[in-house]
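Understanding the architecture of this molecule
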Amino acid sequence: MAAVPSLERAVAGIKTRATINFLRDSPKKLLINGQWVAAKSGKTFESINPANEEILALIAEGDKADVDAAVTSARRAFDESKWSSITPHQRSRYLYKIADLIEQNADQLAELESLDNGKPLAIAKLADIPGAARTFRYYAGWPTKIYGETNPSDPSTFNYTIREPVGVCGQIIPWNFPLSMASWKVAPALACGNTIVLKPAEQTPLSAIRLGELIQEAGVPDGVVNIITGFGPGAGSSIAEHPDVDKVAFTGSTEVGKLILQASAGNLKRVSLELGGKSPNIIFRDSDLEAAVQSATRGVFFNSGQVCTAGTRIFIEQPVYDEFVERLIEQSEKMTVGDPLDEKTRLGPVVSREQFDRVKSYLEIGKGEGAKVATGGEAVPGAGYFVRPTIFAGVHNQMRIAREEIFGPVGAAIAFKDEDDAILQGNDTTYGLAAAVWTRDVSRALKVARALKAGTVWINTYGGADPISPFGGYKQSGFGRELGVHSLDLYTQIKSVYVKL
Ligand code: NAI
Ligand code: MG
């Protein structure tokens with residue numbers, strides 16, 4: 001295997017041997033039936049480091065033929081007793097083992113995540129990688145607790161239900177939290193006894209490939225988890241259309257979510273969708289403004305704003321609007337933009353040239369709509385896809401920068417009059433993924449939290465998800481709830497059995 005010639009430049013600053021060796025082994029392959037294989041077409045694509053635009057590795061470009069092979073493998077593994085009839089205790093052990101292996105390889109995984117996605121290494125170490133281990137460990141507890149019911153049938157009958165796995169699950173994930181998103185999908189599907197065809201995003205395939213190796217190391221039988229790297233049209237669409245895939249779970253854009261839903265009609269796959277957001281963060285004047293401003297800044301800039309729950313519409317009660325915007329500017333200007341491997345960096349680049357262009361175009365759209373650039377408003381010159389943390393002030397909720405998901409470090413500060421106005425404007429969006437309310441008035445907090453049409457609401461904080469609690473969207477942010485006990489609904493189906501006595 002030969003590394004790409006740019007590897008040394010692409011990984012400048014990386015010290016861990018294991019990370020460099022992993023990348024040296026290029027092209028990276030597809031995982032089908034326990035074997036790492038090239039795409040049948042022989043094609044590959046480049047995975048780029050967004051901080052320096054150098055090529056990290058070549059990646060197998062899976063297509064329909066590879067998806068077919070992966071689905072056949074997943075189907076065989078599902079039907080064979082080696083997976084479907086292992087005991088729940090054994091399944092549990094596999095998941096605990098995967099969690100342990102993620103922790104043992106945390107430094108390498110964090111480096112791969114930072115190189116591939118551009119996120120600060122320190123944050124990958126603190127949040128992404130431990131979060132993925134936590135998710136596997138959380139679901140490791142479930143196999144032995146997936147209960148059925150006995151129902152109050154009449155005396156001549158005994159009726160009970162059992163929860164069975166759905167079958168072959170296609171899982172298509174995005175690039176913003178590559179390993180976390182893989183863990184949210186893979187862990188509950190395995191806990192429930194399904195088999196998997198996972199497609200990581202083409203921008204960030206590396207940590208999923210490494211996860212595939214760890215899943216093998218954990219001893220999960222061949223064919224239970226298959227990984228097809230490749231593009232949306234081609235690899236992703238073939239999964240969504242496949243007649244022998246029983247369920248598809250998708251996280252990504254609302255636009256592609258709609259395509260997935262259409263493609264699912266062929267064989268009526270079960271579908272769960274986690275899509276975009278334009279989440280309101282509502283700040284009343286009686287709140288702890290210092291805590292609110294710090295949290296609002298993180299809420300919009302965390303992961304360079306590439307977060308589906310990013311608090312991009314910052315609603316501020318009129319009397320404190322000017323003061324709050326001043327403080328937002330001050331906090332934003334403290335967000336150090338730069339090399340993701342530098343400890344001081346808070347904001348890395350955005351993930352790709354495409355995303356960079358998209359974000360820059362929204363900066364122009366905002367200026368054109370008459371919003372005022374309070375801070376930022378431009379890209380950082382030089383190599384890498386860096387954008388200055390940007391706050392637009394004087395925004396009203398009908399502007400495109402307040403309605404469309406930008407997915408970059410760009411926040412909109414919008415004024416509101418009173419509680420009713422905050423709720424009205426907060427809900428005036430096609431999305432409904434998340435929202436937050438800041439106030440010291442407990443009943444106001446609870447009333448507003450109830451009125452906001454969003455799958456997650458934070459009170460006096462912003463951001464964060466824990467595998468103990470459901471996550472998902474209202475409206476065009478999707479449907480189905482991942483995490484918590486709710487993932488079991490996505491990855492099991494219920495059988496009712498009547499026994500004549
Ligand atoms: P995308 O929705 O195209 O990509 C997400 C995943 O879907 C990737 O794995 C991609 O390969 C796959 N995909 C793309 N087209 C497909 C198709 N026709 N059939 C099956 N799978 C397909 O998102 P993209 O283009 O990377 O980003 C565009 C915008 O989407 C962003 O600016 C952001 O607004 C939003 N987005 C939202 C995310 C979220 O977490 N909700 C994550 C990523 C993007
Ligand atoms: Mg796309």
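Everything quoted here is computed from the prediction, not taken from an experiment.

**Here's the deal with the sheet that holds strand β6 (residues 157-165)**
One open sheet holds the three strands; their spatial order is β5-β6-β20, and the pairing between them is antiparallel. If you trace the sheet from one side to the other, it starts and ends with β5 (150-151) and β20 (492-500), each paired once. One ladder, built from nine bridges, connects β6 with β20; its direction is antiparallel. Bridge assignment links Arg163 to a residue of β20, and that residue is Ile494.

**Digging into the sheet that holds strand β12 (residues 280-283)**
Spatially, the seven strands line up as an open sheet ordered β14-β15-β16-β13-β12-β17-β18, and their pairing is mixed. Every other strand in the sheet has two partners, leaving β14 (372-375) and β18 (456-459) as the edge strands with one partner each. In this sheet, adjacent strand axes meet at a mean angle of 25° when their direction is disregarded. Across three bridges, the pairing between β14 and strand β15 (residues 390-393) is antiparallel. Bridge pairing in β15 places Lys372 opposite Ala393. Packed on one face of the sheet, helix α13 (residues 321-333) meets β12, β13 (313-317), β14, β15 and β16 (410-416) and runs near 140° to β13.

**Observations concerning the packing of helix α7 (residues 121-140) against helix α8 (residues 178-191)**
Closest axis-to-axis distance for the α7/α8 pair is 9 Å, and the angle between their directions is 10°. The pairing of α7 with α8 is recorded here as roughly parallel in orientation. Taking contact as the criterion, the partners of Asp128, Ile129, Ala132, Thr135, Phe136 and Tyr139 in α7 are, on α8, Leu179, Ser180, Ser183, Trp184, Val186, Ala187, Pro188 and Ala191.

**Comments concerning the pattern of salt bridges**
Applying the stated criterion across every chain, the model contains 26 salt bridges. One salt bridge in this structure joins Asp128 and Lys119, with 2.6 Å as the shortest N-O distance. Assessed through its relative accessible area of 2%, Lys119 is described here as buried. Among the charged side chains, a network of salt bridges with common partners joins Arg75, Asp244 and Asp246.

**Some points on the site of ligand 1**
Of all residues adjacent to ligand 1, which total 29 residues, the nearest are Ile173, Trp175, Glu202, Ser253 and Glu405. In this structure, Ser237 approaches ligand 1 through a main-chain N or O atom, which is 3.4 Å from a nitrogen atom. Between a nitrogen atom of ligand 1 and a main-chain N or O atom of Gly252, the distance comes to 3.3 Å. Coverage of ligand 1 by the protein amounts to 91% of the 810 Å² it exposes when considered alone. The set of elements that each furnish at least two residues to the shell around ligand 1 consists of α10 (232-241), β10 (247-251), α11 (254-264) and α14 (353-368). Taken together, the residues of the shell around ligand 1 sort by class into 14 nonpolar, 10 polar and five charged. Taken domain by domain, the shell around ligand 1 gets at least three of its residues from each of domain 1 (62-275 + 479-496) and domain 2 (280-466).

**Quick notes on the packing of aromatic side chains**
Throughout the structure, instances matching the rule amount to 11 aromatic pairs. Judged by centre distance (4.8 Å) and plane angle (90°), the ring pair of Tyr138 and Tyr139 falls under edge-to-face. Classification of Tyr138 as partly exposed rests on a relative accessible area of 22%. A centroid spacing of 6.1 Å and a plane angle of 20° characterise the contact between Phe177 and Phe302, whose relative ring orientation is stacked. Highlighted residues: Phe177 in the loop between β7 (168-172) and α8 and Phe302 in the loop between α12 (289-301) and β13, separated in sequence by 125 residues.

**Things to note about the nonpolar core**
Ile98, Ile102, Phe136, Leu190, Leu198 and Leu211 are the most contacted members of the largest nonpolar core, which has 56 residues in total. Those elements that place two or more of their residues in this core are α5 (88-104), α6 (106-117), α7, α8, β8 (195-199), α9 (206-217), β9 (225-227) and α18 (486-491). Summarising the domain contributions, this core has at least three residues from each of domain 1 (62-275 + 479-496) and domain 2 (280-466). Excluding anything up to four places from it in sequence, Phe136 contacts Leu95, Ile98, Ala99, Ile102, Ser183, Val186, Ala187 and Leu211.

**What about the pairing of β7?**
Among the five residues of β7, five are classified as buried, and the element is accordingly described as predominantly covered. As defined by bridge partners, β7 adjoins β8 across five bridges and the pair is classed as parallel. Within β8, the residue paired with Cys169 across the bridge is Ile196. In this fold, the crossover linking β7 to β8 by way of α8 has right-handed handedness. As judged from the four bridges shared by β7 and β10, these two strands associate in the parallel manner.

**Some remarks on helix α3 (residues 64-79)**
Over its 16 residues, α3 runs 22 Å from end to end, which matches the ideal 22 Å to within 8%, given 1.5 Å per residue. By the burial criterion, the buried members of α3 are Asp66, Val67, Ala70, Val71, Ser73, Ala74, Arg75, Ala77 and Phe78.

Procedures and definitions
Residue numbering note: each chain is counted from 1, following its sequence as written. As a convention, the first chain written is A and the first ligand written is 1, with the rest following in written order. Selection of residues for local features in this predicted model requires a pLDDT of at least 70, selection of side-chain atom pairs for listing and counting requires 80 or more, and totals for whole chains, interfaces and linings are taken over all residues. Only hydrogens and water are set aside; all other atoms, that is, all heavy atoms of the structure, feed into the side-chain values. Only strands joined by at least two bridges in the DSSP assignment are considered to pair. Numbering of helices and strands runs from the N terminus; a helix is a DSSP stretch of H or I covering at least four residues, while a strand is a stretch of E covering at least two. Fitting a line to C-alpha atoms yields each axis, with helices limited to the stretch in contact; the angle taken between N-to-C directions then spans 0 to 180 degrees. The contact rule is simple, with two residues in contact once any of their heavy atoms fall within 4.5 Å. Throughout, the term roughly parallel applies to angles under 35 degrees, roughly antiparallel to angles over 145, roughly perpendicular to angles from 65 to 115, and oblique to all others. Any carboxyl oxygen of Asp or Glu that lies within 4 Å of a side-chain nitrogen of Lys or Arg is treated as forming a salt bridge with it. For every residue, the accessible area obtained with a 1.4 Å probe (protein chains only) is divided by the maximum for its type, and the residue is called buried under 20%, exposed over 50%, and partly exposed between those limits. One heavy atom within 4 Å of a molecule or strand makes the whole residue count as near it. Under this definition, polar contacts are N or O atom pairs within 3.5 Å; protein pairs additionally need one hydrogen-donor-capable and one acceptor-capable atom, and for neighbouring residues in sequence, both atoms have to be side-chain atoms. Methods summary: accessible areas were calculated by the Shrake-Rupley approach with a probe of 1.4 Å, and residue burial reflects only the protein chains presented. Each residue gets one of three labels, nonpolar for Ala, Val, Leu, Ile, Met, Phe, Trp, Tyr, Cys and Pro, charged for Asp, Glu, Lys and Arg, and polar for the others, Gly among them. An automatic or database domain assignment is the source of the domain bounds shown. Between 30 and 60 degrees the pair is tilted, below 30 it is stacked and above 60 it is edge-to-face, where a pair is any two Phe, Tyr or Trp rings, Trp via its six-membered ring, whose centres lie within 6.5 Å. Put simply, buried Ala, Val, Leu, Ile, Met, Phe, Trp, Tyr and Cys residues joined by side-chain atoms within 4.5 Å make one nonpolar core. Seen with the strands pointing away from the viewer, any crossover whose path from the first strand over the helix to the second strand runs clockwise is right-handed. Given a helix with a known number of residues, its expected span is that number minus one, times 1.5 Å.

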